[in-house]
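Notes for the structure review
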Amino acid sequence: MFVTNGTVFMPSMLTFIGIPGLETVQCWIGIPFCAMYVMALIGNSLLVIIIKSEPSLHEPMYIFLAMLGATAITLSTSIVPMMLGIFWLHLPEIYFDACLFPMWLIHTFQGIESGVLLAMALDRYVAICYPLRHATIFTRQLVTHIGVGVTLPPAVLVIPCLLLIKCRLKLYRTRLISHTYCEHMALVKLATEDVYVNKFYGLLGAFIVGGLDFILITLSYIQIFVTVFHLPQKEARLKAFNTCVPHISVFFQFYLLAFFSFFTHRSGSYIPAYIHITLSNLYLLVPPFLNPFVYGVKTKHIRDKVVKVFFSKDQA
């Protein structure tokens, strides 16, 4: 690392500030974040184990839910240990190259989570709009292809972001990152060089992965609601609507926080940094934390299996 006129040439180490303006209370902020992380680990692990161990749950909707749970575990684990290391252990430093791997993990699994939400929306669309054809459309082979389809594109699309940072950006105004984890734009904004290409590709990748998913999910639920409201029986309408409530809840909480974090990084200089960074952390923690509660409470089959597991243990 070389320093010239206040400019750092290819810093070997980066230092996280954490949440700017709240450094003195970060140790306390870490407590609810840690609690949410532990609950997310327990809840999502339980979901995955139950769905895997129960043959009756080996259906597309539950398979996608297990994928969502596994994604949530990986995504939250990619940020929380690093965050708590900053808050509690005062370990804010990370090697520049080592920062690129968690960056790849975070943005890849953000894309995978978005793709799984799209797969769940399409599953509900076919189940409600074409119920007699659901079993023939959502075959095991198609589910496998969807699983590969929502995993590979984000993993591949994020790689150029890392290469553009590593190969194009050599001069940095500082090695201090106003964040709690390795985020693409947080690192790009440290560079003193022209970052137009980095920003453009980041925007393009976000639209290809998250933007298209958001549009397709929205269109799917619009069509679902149109179909549901045309059902002749009130009971059938309520039943169909209730099956969509968990998905819609997760959909809104994921994309509202995602859009806030995304646009704030690019044009939200008027928003205090501590609000932006806090909500960026919540964006990656709230969905994994709430998923088990949303699906465990609203999905009868899963709720029954959870009760059965704990009831059997009590009887033993």
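Residues numbered from 1 in each chain as written. Predicted model: local features only at pLDDT ≥ 70, side-chain atom pairs only at ≥ 80, totals over all residues. Heavy atoms only, no water.

This part takes up the pairing of strand β3 (residues 13-16). Of the two faces of β3, both are covered, the one formed by Met 13 and Thr 15 as well as the one formed by Leu 14 and Phe 16. Sheet topology places β3 next to strand β4 (residues 93-95); three bridges connect them, and they run antiparallel. Its bridge partner being in β4, Leu 14 is matched across the sheet by Ile 94. Pairing of β3 with strand β6 (residues 176-177), which is carried by two bridges, proceeds in the parallel orientation. (Buried < 20%, exposed > 50% of the residue type's maximum accessible area, 1.4 Å probe, protein only. Helix = DSSP H or I, 4+ residues; strand = E, 2+ residues; numbered from the N terminus. Pairing = 2+ DSSP bridges.)

Considering all chains together, one arrives at one disulfide under this definition. Cys 99 shares a disulfide with Cys 182; S-S distance 2.1 Å. Handedness here is read from the sign of the S-S torsion; for Cys 99 and Cys 182, about -130 degrees, the answer is left-handed. With Cys 99 in helix α3 (residues 96-129) and Cys 182 in the loop between β6 and α6 (184-188), this pair connects stretches of sequence that are 83 residues apart. What makes Cys 99 buried here is its relative accessible area of 0%. Free cysteine Cys 27: the closest other cysteine sulfur is in Cys 34, separated by 13 Å. Given a relative accessible area of 33%, Cys 27 falls into the partly exposed group. With no disulfide of its own, Cys 167 lies closest to Cys 161 among cysteine sulfurs, the gap being 13 Å. (Disulfide = S-S within 2.5 Å.)

Interhelical geometry of helix α5 (residues 140-168) versus helix α7 (residues 196-229) gives an angle of 175 degrees and a closest axis separation of 10 Å. Compared by their axis directions, α5 and α7 come out roughly antiparallel. Where α5 abuts α7, its residues Pro 154, Leu 157, Pro 160, Cys 161, Leu 164, Ile 165 and Arg 168 lie against Val 197, Asn 198, Tyr 201, Gly 202, Ile 208 and Val 209. Within the contact of α5 with α7, the residues separate by chemical class into 10 nonpolar, two polar and one charged. (Axes fitted to C-alpha atoms, helices over the stretch in contact; angles between N-to-C directions. Parallel < 35°, antiparallel > 145°, perpendicular 65-115°, else oblique. Contact = heavy atoms within 4.5 Å. Nonpolar A, V, L, I, M, F, W, Y, C, P; charged D, E, K, R; others polar.)

Looking now at the pattern of salt bridges. Applying the stated criterion across every chain yields a total of three salt bridges. Its salt-bridge partner being Asp 97, residue Lys 166 comes within 2.6 Å of it at the nearest N-O pair. Of this pair, Lys 166 sits in helix α5 while Asp 97 sits in helix α3, and the two are 69 residues apart along the sequence. Given the relative accessible area of 30%, Lys 166 is considered partly exposed. (Salt bridge = Lys/Arg side-chain N within 4 Å of Asp/Glu carboxyl O.)

Below, the discussion takes up the UniProt feature "transmembrane region" (unreviewed entry) in the chain. Under the local residue numbering, the UniProt record ascribes the feature "transmembrane region" (unreviewed entry) to residues 28-50, 62-89, 101-122, 142-165, 200-228, 240-262 and 274-295. For residues 28-50, helix accounts for 100% and strand for 0%, while the C-alpha atoms at its two ends are 34 Å apart. In this annotation, residues 101-122 is assigned 100% helix and 0% strand; the end-to-end C-alpha distance for the span is 31 Å. (UniProt positions renumbered as here; feature names shortened; annotations may be inferred.)

With that settled, consider the packing of aromatic side chains. Under the defined criterion, the tally for this structure stands at seven aromatic pairs. Between Phe 96 and Tyr 172, the ring centres sit 5.7 Å apart and the planes meet at 70 degrees, which makes this aromatic pair edge-to-face. Here the residue Phe 96 occupies a position in helix α3, and Tyr 172 occupies one in strand β5 (residues 171-172), the gap between them amounting to 76 residues. Summarising the burial analysis for this pair, Phe 96 and Tyr 172 share the class buried. For the ring pair Tyr 196 and Phe 200, a centre distance of 6.2 Å and an interplane angle of 20 degrees mean the geometry is stacked. Within this pair, Tyr 196 and its partner Phe 200 are both found in helix α7, separated by four residues, close to a single helical turn. (Phe/Tyr/Trp six-rings, centres within 6.5 Å; stacked < 30°, edge-to-face > 60°.)

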